[in-house]
Amino acid sequence: MQVEMLKPVMDTETGESLPGMAELIRTELCPRVVSIDLKGEYPREFMHKLGAIGGFGAMVAPQFGGTGYGLKNAIRIIEDVSRECVSTGFMVWAQYACAWYLQNSSNLAIRRDVLPLIAKGIVLGGTGQSNAMKSCAAIEDNRLTAKRVDGGYLVNGTLPWVSNIGIDHYFHVGIDVENEPGLLIALVKGDHPGLTLNQNAHFIAMEGTNTFACNFKGVFISNESVVSHPSEFTQFKSRTKAAFILMQMGMGLGLIDACVSMMKRSNKTHGHVNCFLDDQAETIESELLAAREACYRLADKIDAMPDANHERETLALRLAGGEMSLKAANSAMLHLGAKGYLVGNAAQRRVREAYFIAIVTPAIKHLRKELHDIDTGSCACTA
Ligand SMILES: Cc1cc2nc3c(=O)[nH]c(=O)nc-3n(C[C@H](O)[C@H](O)[C@H](O)COP(=O)(O)OP(=O)(O)OC[C@H]3O[C@@H](n4cnc5c(N)ncnc54)[C@H](O)[C@@H]3O)c2cc1C
C-alpha cells in the first residue's frame, strides 16, 4: 500500500494552530455553544468554514487537498474547538477520522475524488467504527455482515449511532465478511441505496452532533467504494489505529484547559473556600501540561514512524485523557457551586461532555481491557 508521508509542522507566527482559527471560533462557534448544547443545533456553517481555512487538512497529503501538517496539528485544532465545545470538537474529530481512513486507502479513486471534499470541509463526514473496534477487542459482535458478490459486497445490519452524518455526508464502516478473516472497510454516503438513517434517540451534551442509527438492508458496496479489503485489514489497522485514537486527546485537552480556567476564575472570589476541595486548579493544570506534552510528543513520533507499533502508548495516554477529563470537570463543577448548576453555565455542560470523552469508543472500560489484553498477552482480536 502506497501512502504519502505527512509533514509535521508547525506553530504559526501567532501561536495559533491555524491562521484565522481563533477568530473563527470567537465569531462562529462561541455564540452558538449554548444552542448547540440545549437546542441540538448542528453547527454546519462553522464546520464548512473551518474546512475552508484548512481545519480538516492536517492528516491529508497536499495532493489530495490537505495541508499535510500532521497529527499534532490535527490534535491542536480539535483541542481549540473543544476548549469551547466538546460536541463540536467531536465532530471535528469525526471529520478527521473519516479523512484519515481515506488517506490510508489503497483505492486511488477514493483518494482522488472524495478525499479532497472531506479534507476541505466541502462535504462533511464521520466514522461508524465504534462497533468494529469493539468487535476487534472481543467486547461485542460486529453488527454489520457482508458476503462477496460480483463486483463487490452485499451488506446487512444496523449501527446504533454514527455522528456528523446525513443524507449528503460520507462515513466509513467496518464489516465482517462471510468466511474471510479481517474486516472490510467501506465508504458510504447517507443516500446510498438500501441505507436508512434514523434519528430516534436524543442525547445530553451531544444532541447537536447529527447522530443517526444506520440500517443497512442489502446494501451493495461496489469495489469502487472499498476503502480497504479484508485481506488488507491487518496492515490498514496497524497503520491507522494509533492516530485515529490519539486525535481524540484533543477533546480532553481542550475540555481540561477550559475547566482549569473556570476554577481559576472562581478562585478570585471563592479561593478561601475552594482551597478545601480535593483537586486544585494548579494540580490539574500541571497534569494537563504533562499530558499535552506527552500527547504532542507521541503525535510527532507517530508521524515520523508511521509503521512502528505505538498502540500501547496511545491507549495509555487516551485512558489518562478520559480519566483526567472526568476529574477536571468534576472539580470545576464543585468550584463553581450553585452558579455551575444554572442551565446555561458551562460547568455543568463540561461534566456532561467529560462523560462523553469517557464513554465514546474506546471508552475507559474498553481501554483498560485492551491494555490488560496487551499486558497479559491475551490479545483477543477476532478479525
Ligand atoms: C452521542 C453519541 C454519539 C456517538 N457517535 C458515534 C460515531 O460517530 N461513530 C461510532 O461508531 N459510534 C458512535 N457512538 C457510539 C460510542 O462510541 C460507543 O460505542 C457507544 O456509546 C457504546 O459503547 P458502550 O461502551 O456504551 O457499550 P457497552 O457498554 O459495551 O454496551 C452497551 C450496548 O448496548 C447497546 N445499546 C445501548 N443503547 C442502545 C440503543 N438505544 N440502541 C441500540 N443499541 C444500544 C450498545 O450498542 C452496546 O452494544 C456514539 C455514541 C453516542 C452516545
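Residues numbered from 1 in each chain as written. Predicted model: local features only at pLDDT ≥ 70, side-chain atom pairs only at ≥ 80, totals over all residues. Heavy atoms only, no water.

Moving on to the overall build of the protein. Along its length, the protein carries 14 helices and eight strands. For 383 residues, the compact-globule estimate of 2.2 N^0.38 gives 21 Å, and the protein sits close to it at 20 Å. Expressed as lengths along the three principal axes of its C-alpha atoms, the size of the protein is roughly 70 × 45 × 45 Å. Classification of the 383 residues of the protein by burial places 57% in the buried group. Contacts in the protein between residues at least 24 apart in sequence constitute 75% of all its contacts with a sequence separation of at least 6. Counting every atom, the protein has about 15800 Å² of accessible surface; 55% of that belongs to carbon and sulfur. Computed over 37 positive and 41 negative side-chain charges, the separation of the two mean positions in the protein equals 3 Å. (Helix = DSSP H or I, 4+ residues; strand = E, 2+ residues; numbered from the N terminus. Rg over C-alpha atoms; globule rule 2.2 N^0.38 Å. Buried < 20%, exposed > 50% of the residue type's maximum accessible area, 1.4 Å probe, protein only. Contact = heavy atoms within 4.5 Å. Areas by Shrake-Rupley, 256 points an atom, 1.4 Å probe, with all protein chains shown as cover. Lys, Arg positive; Asp, Glu negative; His and termini not counted. Charge placed at Lys NZ, Arg CZ, Asp CG, Glu CD.)

Take the pairing of strand β7 (residues 212-222) next. If a strand is regular, its side chains alternate between the two faces of the sheet. Alignment of strand β3 (residues 152-162) against β7, held across eight bridges, turns out to be antiparallel. Bridge pairing in β7 places Leu159 opposite Cys214. In the sheet, strand β6 (residues 195-198) pairs with β7 via four bridges, with the strands oriented antiparallel. When the sheet's bridge partners are listed, Leu197 is paired in β7 with Cys214. (Pairing = 2+ DSSP bridges.)

This part covers the domain arrangement of the protein. Segmentation of the protein into domains returns domain 1 (21-123), domain 2 (127-232) and domain 3 (235-375). A separation of 20 Å is found between the C-alpha centroids of domain 1 and domain 3. In this complex, domain 1 contributes 28 residues to the contact, which on the side of domain 3 involves 31 residues. Across the interface of domain 1 and domain 3, roughly 2600 Å² is buried in total on both sides, 68% from carbon and sulfur atoms. Considering only the side of domain 1, the residues that lose the most area to domain 3 are Leu71, Val86 and Trp93, jointly responsible for 24% of the buried surface there. The interface formed by domain 1 and domain 3 includes four salt bridges. (Domains from an automatic or database assignment. Buried area = accessible area lost by both parts, 1.4 Å probe. Salt bridge = Lys/Arg side-chain N within 4 Å of Asp/Glu carboxyl O.)

Once that is clear, we can look at the UniProt feature "domain: Acyl-CoA dehydrogenase/oxidase C-terminal" (unreviewed entry) in the protein. Annotation from UniProt places "domain: Acyl-CoA dehydrogenase/oxidase C-terminal" (unreviewed entry) at residues 282-359. The distance from the first to the last C-alpha atom of residues 282-359 is 26 Å, and the span holds 81% helix and 0% strand. (UniProt positions renumbered as here; feature names shortened; annotations may be inferred.)

Neighbouring the ligand are 20 residues; Thr127, Lys134, Ser163, Thr361 and Lys365 lie closest to it. Residue Lys134 places a side-chain N or O atom 2.7 Å away from an oxygen atom belonging to the ligand. Within the backbone of Trp161, one N or O atom sits 3.1 Å away from a nitrogen atom of the ligand. Protein contact buries 69% of the 960 Å² of open area that the ligand shows by itself. (Near = heavy atom within 4 Å. Polar contact = N/O pair within 3.5 Å; in protein donor to acceptor, adjacent residues only side chain to side chain.)

Two numbers describe how helix α12 (residues 311-336) lies on helix α13 (residues 346-359): the axes approach to 8 Å, and their chain directions differ by 165°. Considering the angle they form, α12 stands roughly antiparallel to α13. Crossing geometry of α12 relative to α13 is assigned as left-handed. Contacts between α12 and α13 involve Arg318, Gly322, Ser325, Leu326, Ala329, Ala332, Met333 and Leu336 from the former and Ala347, Gln348, Arg350, Val351, Ala354, Tyr355, Ile357 and Ala358 from the latter. Across the contact of α12 with α13, the residue classes break down as eleven nonpolar, three polar and two charged. (Axes fitted to C-alpha atoms, helices over the stretch in contact; angles between N-to-C directions. Parallel < 35°, antiparallel > 145°, perpendicular 65-115°, else oblique. Left-handed = near helix turned anticlockwise from the far one by under 90°. Nonpolar A, V, L, I, M, F, W, Y, C, P; charged D, E, K, R; others polar.)

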